[in-house]
Each structure stands twice: as structure tokens, then as C-alpha cells.
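The chain contents come next:
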Amino acid sequence: MEAYFDNSATTRVFDCVKDVVVKTMTEDYGNAASKHRKGVDAERYIREARSVIAKSLKVQDKEIIFTSGGSESNNMALVGGAMANRRRGGHIISTNVEHPSVYNTLGFLEEQGFEITYLPVDGEGHINLSQLRDSLRQDTILVSVMYVNNEVGAVEPVEEIGAIIRECQPQALFHVDAIQAYGKYEIRPKRQGIDLLSVSGHKFHGPKGVGFLYIDEKAKVKPLIYGGGQQKGMRSGTENVPGVAGLGAAVREIYKDHQEKADYLYGLKACLMERLGEIEGCVINSRPGRESAPQIVSVSFEGIRSEVLLHALEERGIYVSSGSACSSTHPGFSGTLKGIGVKPELLDATLRFSFGLFNRKEEIDYAVEVLKELLPVLRRYRRG
């Protein structure tokens, strides 16, 4: 049996996504900027995808900018937002558990002279709202907070954060990295006070290499890419018609019977957490039920190095992660696990299981039985 539990790194695409990507690569392959029929047909895919995404968020079509994925969306929001508003101030607020595409971009902005305040999180992965309120200043121009943490699934109180920003510093932009949240939650930027929202297609059964950035029509953001003026000059370059068409198909499918899909993922999460309770020396770092995201379970195994266990599971056809796919390329222990207070001896003993709609309960049962078999052997080996 094969069990793929690394869906927070990437997902298998829906069949409807595969079909439209192939069609736009082999039949409707025109450049969306061309004036002939092939170009008009290609542009229609762009327009339809933008419309279905805007409807999913209850925003305007013109507020959706297509990008190459989550990292570009985060860079555009942070760098573009900071540079466009620099005259008003140079202070930015974020957290100490952000994705590298946010954290490292903030490091770049620090080099450009911006001052960054990093808010800590509590043992459940949440920021302190009073601390956020106290950190907002007259020169605060941007606040960036992850919606769903990519390692442990903690869900930040986004709507409350937006309300505090509107009350205390209404001119500041509120950016939300929703890369692990979109497709799992109903997100309403207008109601939640979100000005900028980053999304990546391959996290919810869409294609890799495509995503979008929601930019509220009142928000000031400078482009990062200049050229032929596509997307009203906000993101120049030949538009990725197959990617965008596939993204639109994935959005349409993921939000069809959406609550049923979310409930299905919560069911898988509950099943894994219950079965892990049968294993000695197993510490679950994610909150149960709907206290955290439906698709992520972080678990530490006492007396085991995560990389050793990861590869042992891989040999049995079980695929998991020792962290986020992006953070795993950087040395050092997870800032998220440290932030929520995971014991030092467990920082290098933690795996992330993440679910998608193609997973089945039988795969969880198989993975737990394999863990029961492997862990005693690996623990003896390490002690030896």
C-alpha cells in the first residue's frame, strides 16, 4: 500500500484540473495577449478563473492578480506593499512562526531600512491580541500574519486581528498568508479586514507554479515585475494560461460541497490522532478537532530522529514531512516548534502528517501499524 501524507507540501491534482491543463497546452494554446481567436480563447480562461476565484472570496474580479505561487504572492504583498507606503512609515509587524517566504522577505526589508516587530506565539501557536494592539504605532504600515500555520495547523484569529488594525491603525495594510487556509476555510477578506491575501494552487489539488494575490482596490502596492503591462501592469509577463485555467478548475471543485470536504479532512485528522494514542512515546503538537486546521497533524516521537523515521516510513510507501517542504531546505530547528514550546529533545523528532481529499482511512490504519512495528526497532538502534 502507498500512503501519501504530505499534502501540505503539494497535492495530487483533481482530474478536472489535469483535463483543462492538457487542453490549454494542446488545443487552446494561444497567448492571452494576442488579438486573434486563439488569443481571445486563451484570455477567456484567464477571465473565467479570475471570476471563480473572486466569487469564492466575495471580492471583485479586478482585485485578483495571478502569480507563480505562494512565494511570489507573499513577496509581492510584503515588498510591494512596504515600498508603496514607505512615505507614511517604516514599521512592519509579523510573527516569529511565519513561512520562509515571509520571514526571509521581511529580512530583505530590514536590510532596506524597515523596522520589523516579530510577535511570539503561545503554546497553541496563537499570537497575543493585546500584544499586537500594543505593538501598533503611527508609523506601522503593514501587518503580516499567517492564517494557518504550515507545520502544526494553528489557526490565527484573523478577523479579530483585522478589527484591531482597523481600530488602532486603519491606514496599515493587513496581509494574510492563506496558503494553507484557502480551500479549507470560507475566507471573506472584506469582512475580515484583509487587504492582501496570498494563495498557491498546488496546496488544494491545483497545479504547481501558479497562485494569486488578492489586493483590495484601496490598497497601494508596487509591482515587482515590469514589462508588457499584463494584469493592468501589476504583474507583467506572458500569462500562464494552463496554470491559471487549472487553478480556476481547482477552486471551482474545492468549493463545491465545501463543508463536506472540510468535514472529511477533519474525520481523517481525528482518526489519526486517536490511533496515535495507541503508540507509546508519541506527543501530538496540533490541537484536536476544529481547534486547528483540518489537514495538519504534527507529532513528535520520543527517542527517534525525524529524518531516520521519515525514510523508514518511505521504504514502506508512507510519505510524510519533517517540517514544511520549504523550511526543510534550511538548516536548524523549526521556529514554530520552538515557539509553541516543544521540548528541545523533541525538536528533531517531529513529523508532519498532512491530508488531502484523495486520502483514505485505510491508509491511516496502515501507517499506524507500520509505526508500531518500526518505532521499537529504531529506538533500540538509537540507544545501541
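Counting restarts for each chain: residues are numbered from 1 in the order of the written sequence. For this predicted model, a pLDDT threshold of at least 70 governs which residues receive local features, and a threshold of 80 or more governs which side-chain atom pairs are given and counted, while totals over whole chains, interfaces and linings are taken from all residues. Values reported for side chains reflect all heavy atoms of the structure, with hydrogen atoms and water molecules removed beforehand.

> Before we go on, may I ask you to explain the nonpolar core in this structure?
Across soluble globular proteins, you tend to see nonpolar side chains buried next to one another. Only buried residues count toward a nonpolar core, which is a set of Ala, Val, Leu, Ile, Met, Phe, Trp, Tyr and Cys residues joined through side-chain atoms within 4.5 Å. The buried label goes to any residue with under 20% of its type's maximum accessible area, the exposed label to any with over 50%, and the partly exposed label to all in between, with areas taken from a 1.4 Å probe on protein chains only. Ile53, Leu57, Tyr147, Tyr182, Ile187 and Phe301 are the most contacted members of the largest nonpolar core, which has 99 residues in total. Contacts between residues were defined by any pair of non-hydrogen atoms, one from each residue, lying within 4.5 Å. Those residues in contact with Tyr182 that sit more than four places away from it in its chain are Ile53, Ser56, Leu57, Ile187, Val199, Phe204, Phe212, Val251 and Tyr255. If you look at the next biggest cluster of nonpolar residues, it comprises 21 residues, including Ala82, Leu109, Leu213 and Val221.

> So what exactly am I meant to see when it comes to the packing of helix 3 (residues 70–84) against helix 4 (residues 100–111) here?
A pair of packed helices is captured by two measures, namely the crossing angle of their axes and the spacing between those axes. Contact pair helix 3 / helix 4: the axes reach a minimum separation of 9 Å and the direction vectors enclose 30°. In terms of orientation, helix 3 lies roughly parallel with respect to helix 4. Crossing of helix 3 over helix 4 shows right-handed handedness. Between helix 3 and helix 4, the residues in contact are Ser71, Asn74, Asn75, Leu78, Val79, Ala82 and Met83 and Ser101, Val102, Thr105, Leu106, Phe108 and Leu109, respectively. Simply put, an axis is a line fit to the C-alpha atoms, just over the touching stretch for a helix, and the angle between two N-to-C directions goes from 0 to 180 degrees. Secondary structure elements are defined from DSSP: runs of H or I of at least 4 residues count as helices, runs of E of at least 2 residues count as strands, and each element is numbered from the N terminus. Reported orientations rely on four angle classes, namely roughly parallel under 35 degrees, roughly antiparallel over 145, roughly perpendicular from 65 to 115, and oblique for the rest. For any pair of crossing helices, the crossing counts as left-handed if the nearer helix is rotated counterclockwise from the farther one by less than a right angle, and right-handed if it is rotated clockwise.

> Is there a simple way to explain empty space enclosed by the protein in this structure?
Unoccupied space between atoms shows up once a probe the size of one water molecule is rolled over them. Cavity means a closed set of points on a 1 Å grid over the protein atoms alone, one where a 1.4 Å probe fits but cannot get out, pocket means an open set with protein on both sides within 12 Å along at least 5 of 7 lines, and lining means a residue has an atom within 4 Å of a point. Grid points are joined across faces, edges and corners, and a volume is the space filled by probe spheres set on the points. Within the structure shown, the criterion is met by four cavities of 30 Å³ or more. Approximately 80 Å³ is the volume attributed to the largest cavity. Surrounding the largest cavity, Gly183, Lys184, Lys203, Phe204, His205, Ile254, Lys261, Ala262, Leu265, Phe355, Gly356 and Leu357 form its lining. Counting residues per element, the lining of the largest cavity draws most heavily on helix 9 (residues 258–276), at three residues. Gly counts as polar in this scheme, as do all residues outside two lists: the nonpolar Ala, Val, Leu, Ile, Met, Phe, Trp, Tyr, Cys and Pro, and the charged Asp, Glu, Lys and Arg. When its residues are assigned to classes, the lining of the largest cavity shows six nonpolar, three polar and three charged. The computed volume of the second largest cavity comes to approximately 60 Å³. Around the second largest cavity, the lining is made up of 13 residues, and of these Val97, Gly125, Asn149, Ala154 and Glu156 lie nearest the centre. Classifying every residue of the lining of the second largest cavity gives seven nonpolar, four polar and two charged.

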